[in-house]
Amino acid sequence: GAVVSQHPSWVICKSGTSVKIECRSLDFQATTMFWYRQFPKQSLMLMATSNEGSKATYEQGVEKDKFLINHASLTLSTLTVTSAHPEDSSFYICSASGTDAETQYFGPGTRLLVL
Amino acid sequence: GESVGLHLPTLSVQEGDNSIINCAYSNSASDYFIWYKQESGKGPQFIIDIRSNMDKRQGQRVTVLLNKTVKHLSLQIAATQPGDSAVYFCAETQYQAGTALIFGKGTTLSVSS
């Protein structure tokens, strides 16, 4: 089956620094990638949808200047958390879908802890 | 926006029992539904899906039932095993390219031996 990887799997950073998370589709071309955030004991909340070569579409309440998303190729999307604060500590999960459209494949997630 | 909800936050069963996890969805435009299993610290794992032109679909030990009249979805797990312990989410979307999933709140399934 299709595989999606994320890097890093976990990261600890100081408040005020920026963190980049990578999402890669390893064996298929991801036309669309999605970024979700999950707080402890809560569900996955969609942050943004990105299509290769286009600007990401952000969900209401998600600051686009704080969560920078780049989808420069069909196999890579990046999420950069700028000027991270402790409240940004969360589990960030990406998913990707290819030309067969409706199926989404999830990455293993990235645990971010901001001190 | 509209969201998918789950009726019970936790479900505890004995090994070998059948488990039923329920989900209510609210978006009438949704025509594709998926159940995911999430273990602690991991991403969601696909279990089974169903399109709105069906009311039942079976997989290995799992069955999904869809009742469009009352916007209700359920996941049945037969002969539940300790390895089935996890959080289960239903998700709804539209069966077309580039459409995001809307996740329900999740049900934690605990299976005791």
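Note that the structure is a prediction, hence the values are computed from the model and not measured.

The rules behind these values
Residues numbered from 1 in each chain as written. Chains lettered and ligands numbered in written order. Predicted model: local features only at pLDDT ≥ 70, side-chain atom pairs only at ≥ 80, totals over all residues. Heavy atoms only, no water. Helix = DSSP H or I, 4+ residues; strand = E, 2+ residues; numbered from the N terminus. Rg over C-alpha atoms; globule rule 2.2 N^0.38 Å. Buried < 20%, exposed > 50% of the residue type's maximum accessible area, 1.4 Å probe, protein only. Contact = heavy atoms within 4.5 Å. Areas by Shrake-Rupley, 256 points an atom, 1.4 Å probe, with all protein chains shown as cover. Lys, Arg positive; Asp, Glu negative; His and termini not counted. Charge placed at Lys NZ, Arg CZ, Asp CG, Glu CD. Buried area = accessible area lost by both parts, 1.4 Å probe. Salt bridge = Lys/Arg side-chain N within 4 Å of Asp/Glu carboxyl O. Polar contact = N/O pair within 3.5 Å; in protein donor to acceptor, adjacent residues only side chain to side chain. Nonpolar A, V, L, I, M, F, W, Y, C, P; charged D, E, K, R; others polar.

Moving on to the overall build of chain B. Secondary structure summary: chain B contains zero helices and eleven strands in total. Listing the helices and strands of chain B from first to last along the sequence gives β-β-β-β-β-β-β-β-β-β-β. Here the C-alpha radius of gyration of chain B, 13 Å, is about what a compact globule of 113 residues would show, namely 13 Å. The buried share among the 113 residues of chain B stands at 42%. Put simply, of all contacts in chain B between residues at least 6 apart along the chain, 55% involve residues at least 24 apart. If you sum the accessible surface of chain B, you get close to 5,500 Å²; carbon and sulfur atoms cover 46% of it. For chain B, the distance from the average position of its 9 positive side-chain charges to the average position of its 9 negative side-chain charges is 3 Å.

A word on the interface of chain B and chain A. Facing the 18 residues of chain B at the interface are 18 residues of chain A. Carbon and sulfur atoms make up 60% of the area that chain B and chain A hide from each other, which totals about 1,300 Å². Along the contact surface separating chain B from chain A lie zero salt bridges. The interface formed by chain B and chain A includes five residue pairs in polar contact (both at pLDDT 80 or more). Of all the elements, strand 4 (residues 32–38) of chain B adds the most residues to the side of chain B that touches chain A, at three residues. Taken together, the residues that form the side of chain B that touches chain A break down as nine nonpolar, seven polar and two charged.

Note that every value here comes from positions in space, so none of it alone points to a role or purpose.
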